[in-house]
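Each chain is listed here by its residues.
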Amino acid sequence: MTPKVIEAYGVRLRENRADDVADTAAACADPLIQRFLSGLPSPYTEADARWWVTEGAPAAWASGGAAYVVADPDTDRLLGAVGLSHPVPYRSEAEIGYWVAPWARGRGVATAATRALAEHAFATGTARLELFTHEENTVSQRVALAAGFRPEGVRRDASPVRGGGRHDLLAWVRLAGDPPGPAPRPLPDLPDGRLTDGVVTLRRLAPDDADLMFRLHTLPEVVANQAPPVPPARDAIERRCRLAESGWLTGAIARLLIVDAATGEPLGSCGLSYTDLPAGEASLGYALLPVARGRGLATRAVRLLAGWAFGPVGIARLTAGTMPDNIASHRVLEKVGFRREGLLRGRLPGLAGTRIDDLVFGLLPDELR
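Remember, it's a predicted structure, so these values are computed and weren't measured experimentally.

Caption draft 1: Spotlight on the overall build of the protein. Helix and strand counts for the protein come out as 11 helices and 16 strands. When the backbone C-alpha atoms are referred to their principal axes, the protein occupies close to 70 × 45 × 40 Å. The 369 residues of the protein split such that 47% are buried. In the protein, once contacts between residues fewer than 6 apart in sequence are set aside, the share between residues at least 24 apart is 62%.

Shown next as structure tokens:
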């Protein structure tokens, strides 16, 4: 029931042809496509592309799926590919996937193709489409969001890694009844990529921040104020930094680095995560390097983060949990306007089976100082 040609959103979806072989081979040999599409032959040759055009794509159609070339509507040159696979007729669902050639990136090709094919699938009886992305492929995750797909969880070890091992996949879903347009994001991007008051700047955590984050979060006084008080492993910190943008896009957590606005010198880190999304409640946390302490910089960072939370994010209530004896952190929160709300006894895990009390502070929008 899927048409052989679809034209929408500035792209043409058509069947594969023999004259696509050279472009298919060049695109699928690209390092980025090779990295995230682990099922492709490596190295990818024109013989592989020819097999796809003559056998692979027709087999996809024969199985009830679809295998389109995404082409430029003016020149008809290949820009990428999009298709449907793993159809489950009795559940009226299928999986959608795409790739974009290096010469066509940055033009919204993947988003346009995914929207076009999804809409035709829904118009012909599909009720649910699934889309899977590598957990580090944030470009593809942004495509999913822009095409109206919402994050639905993690498929653990769902994909083999070339050379051995497996990795997780993020699941994204769009239903036939979902509203048109991009999917809502609980955590929007920062305006201009940062928040600043001219003294401190907050920016998204990045993979290159792993050394700093490991140094910060293994400081004895920082470890003592987390639960359980165990220093993180180096590989855990590296993974945290690599997946920071993905956590932001899925709405799991916004991780930020605190830097000196004038020099760019790192000062610490902070973060914001929802504790009750439907109720509009989130929690924040922060830690500073020794060189940044005692200068009011934590207060500035928390104030910036809270202002963004109450503004563009639309959060209705903020909380912060602290160790009962962390007086310096209590003062930071109180300067921003947080109020002590209660002691939750034994709420957090400690060492050797012990439990730790959690002193909770709360802040409402009109209380932000």
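Caption draft 2: Representation of the packing of helix α10 (residues 297–313) against helix α11 (residues 327–336). Close contact between α10 and α11 brings their axes to 9 Å; oriented N to C, the two are set at 50°. Judged on the interaxial angle alone, α11 and α10 are oblique. As for the relative orientation of α10 and α11, their crossing is right-handed in sense. Residues Ala298, Thr299, Val302 and Arg303 of α10 pack against Val332, Leu333, Lys335 and Val336 of α11.

Caption draft 3: Representation of the packing of aromatic side chains in the model. If you walk through the whole model with that rule in mind, you get 3 aromatic pairs. Relative to tryptophan 52, the ring of tryptophan 51 has its centre 6.5 Å away and its plane inclined at 45°; by these criteria the two rings are tilted. With a centroid separation of 5.6 Å and 50° between ring planes, the pair formed by tryptophan 248 and tryptophan 308 is classed as tilted. Of the two residues, tryptophan 248 is situated in helix α9 (residues 244–250) and tryptophan 308 in helix α10; the sequence distance between them amounts to 60 residues. As far as burial versus exposure is concerned, tryptophan 248 and tryptophan 308 are alike and both buried. In this structure, arginine 77 packs its charged tip against the face of tryptophan 103, placed 4.4 Å from the ring centre. Positioned above the aromatic ring of tyrosine 9 is the side chain of arginine 115, whose terminal nitrogen or guanidinium carbon lies 3.9 Å from the ring centre.

Caption draft 4: Here's a closer look at the pattern of salt bridges. Applying the stated criterion across every chain yields a total of 34 salt bridges. The partner of aspartate 189 in a salt bridge is arginine 142, with the nearest N and O atoms 3.0 Å apart. Taken together, the residues aspartate 189 in the loop between β8 (166–175) and β9 (194–196) and arginine 142 in helix α5 (residues 138–146) connect sequence positions 47 residues apart. The exposure class assigned to aspartate 189 is partly exposed, which follows from its relative accessible area of 34%. Residue arginine 142 is classed as partly exposed on the basis of its relative accessible area of 30%. In this structure, the salt-bridge partner of aspartate 209 is arginine 203, at a minimum N-O distance of 2.9 Å. Connected through shared salt-bridge partners, Glu7, Arg12, Arg14, Arg17, Asp19, Asp20 and Asp76 make up one network.

Caption draft 5: Up close: the sheet that holds strand β6 (residues 128–134). Here we have 8 strands laid out as an open sheet, ordered β1-β2-β3-β4-β5-β6-β8-β7, and mixed in their pairing. Two strands lie at the open edges of the sheet, namely β1 (6–8) and β7 (150–160), each paired on one side alone. Adjacent strand axes in the sheet meet at a mean angle of 25° when their direction is disregarded. Relative to β8, β7 runs antiparallel, the two being bridged by 7 bridges. Residue pairing across strands places glycine 153 opposite alanine 171, the latter belonging to β8.

Caption draft 6: Summary view of the sheet that holds strand β13 (residues 281–288). With mixed pairing, 8 strands are arranged side by side in an open sheet as β9-β10-β11-β12-β13-β14-β16-β15. One side of each edge strand has no neighbouring strand; the edge strands of this open sheet are β9 and β15 (339–349). Adjacent strand axes in the sheet meet at a mean angle of 25°, parallel and antiparallel pairs treated alike. In this sheet, strand β16 (residues 355–363) lies alongside strand β14 (residues 317–322) in antiparallel orientation, the contact comprising 5 bridges. Among the inter-strand pairings, glycine 321 is bridged to a residue of β16, identified as valine 360. Against the sheet, α11 makes contact with β13, β14, β15 and β16, and its axis sits at roughly 15° relative to β16, the strand it touches most.

Caption draft 7: Examining helix α6 (residues 210–217) more closely. Three or more residues of α6 are buried, namely Ala210, Leu212, Met213, Leu216 and His217. Buried residues in α6, looked at end-on, bunch into an arc of 160°, giving them a common side. In this fold, the buried residues of α6 make contact with α7 (220–223), α8 (234–242), β11 (254–260), β12 (266–276) and β13.

Caption draft 8: Quick peek at α5. Three or more residues of α5 are buried, namely Thr138, Ser140, Gln141, Val143, Ala144 and Leu145. Here the buried face of α5 lies against β5 (93–100), α4 (109–123), β6, β7, β8 and α9. Downstream of α5 by one or two residues, glycine 148 has phi in the positive range, about 95°.

Caption draft 9: Representation of the state of the cysteines. Scanning the entire structure with this criterion turns up 0 disulfides. With no disulfide partner, cysteine 241 has as its closest neighbouring cysteine sulfur the one in cysteine 270, 13 Å distant.

The rules we used
- Residues numbered from 1 in each chain as written.
- Predicted model: local features only at pLDDT ≥ 70, side-chain atom pairs only at ≥ 80, totals over all residues.
- Heavy atoms only, no water.
- Helix = DSSP H or I, 4+ residues; strand = E, 2+ residues; numbered from the N terminus.
- Buried < 20%, exposed > 50% of the residue type's maximum accessible area, 1.4 Å probe, protein only.
- Contact = heavy atoms within 4.5 Å.
- Axes fitted to C-alpha atoms, helices over the stretch in contact; angles between N-to-C directions.
- Parallel < 35°, antiparallel > 145°, perpendicular 65-115°, else oblique.
- Left-handed = near helix turned anticlockwise from the far one by under 90°.
- Phe/Tyr/Trp six-rings, centres within 6.5 Å; stacked < 30°, edge-to-face > 60°.
- Lys NZ or Arg CZ within 6 Å of the ring centre and 35° of its normal.
- Salt bridge = Lys/Arg side-chain N within 4 Å of Asp/Glu carboxyl O.
- Pairing = 2+ DSSP bridges.
- Arc of directions from axis to C-beta.
- Disulfide = S-S within 2.5 Å.

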